[in-house]
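Architecture and fold: a report
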Amino acid sequence: MTERLADVSNQIRNIRQLEAVVTALRGIAASRAQQARSLLAGIEAYSTVVCGAISQALSLIPADVRPGSERRRERIGLILFCAEQGFAGAFSERILDASKGDLAGAMTFVIGTRGLAVARERGLIPSWSAPMASHVDAVPSLANEIADALYGRVTARGPSTIQMIVPRSDPAGAIRIEQRSLLPLNLSHFAAASESPPPLTTLKPQELLERLTAEYVYARLCEAAMHAYEAENQARMMTMTAARHNISGRLEALTHREQQLRQEEITNEIVELAAGAEALRERRK
């Protein structure tokens, strides 16, 4: 009985240590998610400014010579923003499931070490991969790295359409998966320039549009990567919250069992003492 009580006590100590680790991971994930959310407004504002500049640049180019009129064979490039680290539940699996219908024949770009492992388990070998940002300061350099990989592969034989599979969390904390178009530019999405005088430029309109398009791609990649970073940490926080609830339930059951075993041990000791006292009285008689 004593050995069983010691085993239960050791289990309680081990689970309390695990609870401390889970609580720390949850706190770190919550802090990172909040930091990403605080930066998203600035990234979205930057993207809006670039879109406005593209609208003005388009007003300088005659409609019949604007890009997008040429036709190419359809091939999709997919950028999948997955998880970099573990303890995020089925985060990467959900992203791969969301893109399952588009994977056949697509050129895939997988972002995130854990996501890459899950993709390979499913038999998907990406054309290019990179680690996901592990802190918010690494998001801009990640966006540049993805853009360079895209420009190196979007050639005459490369994909004609680039789509992004982006996870993002809503205000309630739930995570949804969105598919966003990156390239080519859908000119109908850009607001028509106002009737104000055209902007003064030092570049030819076509060259200006090309540079703004590169800036637009970078802005959209930054926005997608920050949303994915925030969503991954939100998923990790939710997973750790669920783990903590399970640990609390397990601790409650073990504590109750420990109390039962301790009571049984005390009862046995009392019985043994009473039996010893009775035997001593019998000998004295």
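In the block above lies the structure referred to throughout.
Residues numbered from 1 in each chain as written. Predicted model: local features only at pLDDT ≥ 70, side-chain atom pairs only at ≥ 80, totals over all residues. Heavy atoms only, no water.

Observations concerning the sheet that holds strand β3 (residues 128-130)
The strand order β3-β2-β1-β4-β5 describes an open sheet built from five strands, whose pairing is mixed. Each end of this open sheet is capped by a strand with a single partner; those strands are β3 and β5 (175-183). Between one strand axis and the next, the sheet turns through 15° on average, direction left out of account. Where strand β1 (residues 76-81) meets strand β4 (residues 161-169), five bridges bridge the pair, whose relative direction is parallel. When the bridges of β4 are listed, isoleucine 79 appears paired with methionine 164. The strands touched by helix α4 (residues 139-153) within the sheet are β1, β2 (107-111), β3, β4 and β5, with β2 carrying the most contacts at an inclination of about 165°. (Pairing = 2+ DSSP bridges. Helix = DSSP H or I, 4+ residues; strand = E, 2+ residues; numbered from the N terminus. Axes fitted to C-alpha atoms, helices over the stretch in contact; angles between N-to-C directions. Contact = heavy atoms within 4.5 Å.)

Considering the pattern of salt bridges
By the definition in use, this model includes nine salt bridges. The partner of glutamate 230 in a salt bridge is arginine 37, and the shortest N-O contact between them spans 2.6 Å. With glutamate 230 in helix α5 (residues 205-284) and arginine 37 in helix α1 (residues 2-58), this residue pair connects regions lying 193 residues apart in the sequence. Overall, glutamate 230 belongs to the buried group, its relative accessible area being 2%. Residues glutamate 178 and arginine 176 are paired through a salt bridge, measuring 3.1 Å at the closest nitrogen-oxygen approach. Residue class for arginine 176 comes out partly exposed when judged on its relative accessible area of 37%. Each of Arg176, Glu178, Arg180 and Glu223 takes part in salt bridges that share partners, so that together they form one network. (Salt bridge = Lys/Arg side-chain N within 4 Å of Asp/Glu carboxyl O. Buried < 20%, exposed > 50% of the residue type's maximum accessible area, 1.4 Å probe, protein only.)

Regarding the nonpolar core
General note: in soluble globular proteins, nonpolar side chains tend to be found buried as a group. Counting 46 residues, the largest nonpolar core has Ile79, Phe81, Ile111, Ile146, Leu182 and Leu221 as its most contacted members. Secondary structure elements with two or more residues in this core: α1, β1, β2, β3, α4, β4, β5 and α5. With 13 residues, α5 is the single largest residue contributor to this core. Each residue touching isoleucine 79, except ones within four places of it in the same chain, is listed here: Phe109, Ile111, Ile146, Leu150, Ile162, Gln163, Met164, Ile165, Leu182 and Leu221. (Core = buried A, V, L, I, M, F, W, Y, C linked by side-chain atoms within 4.5 Å.)

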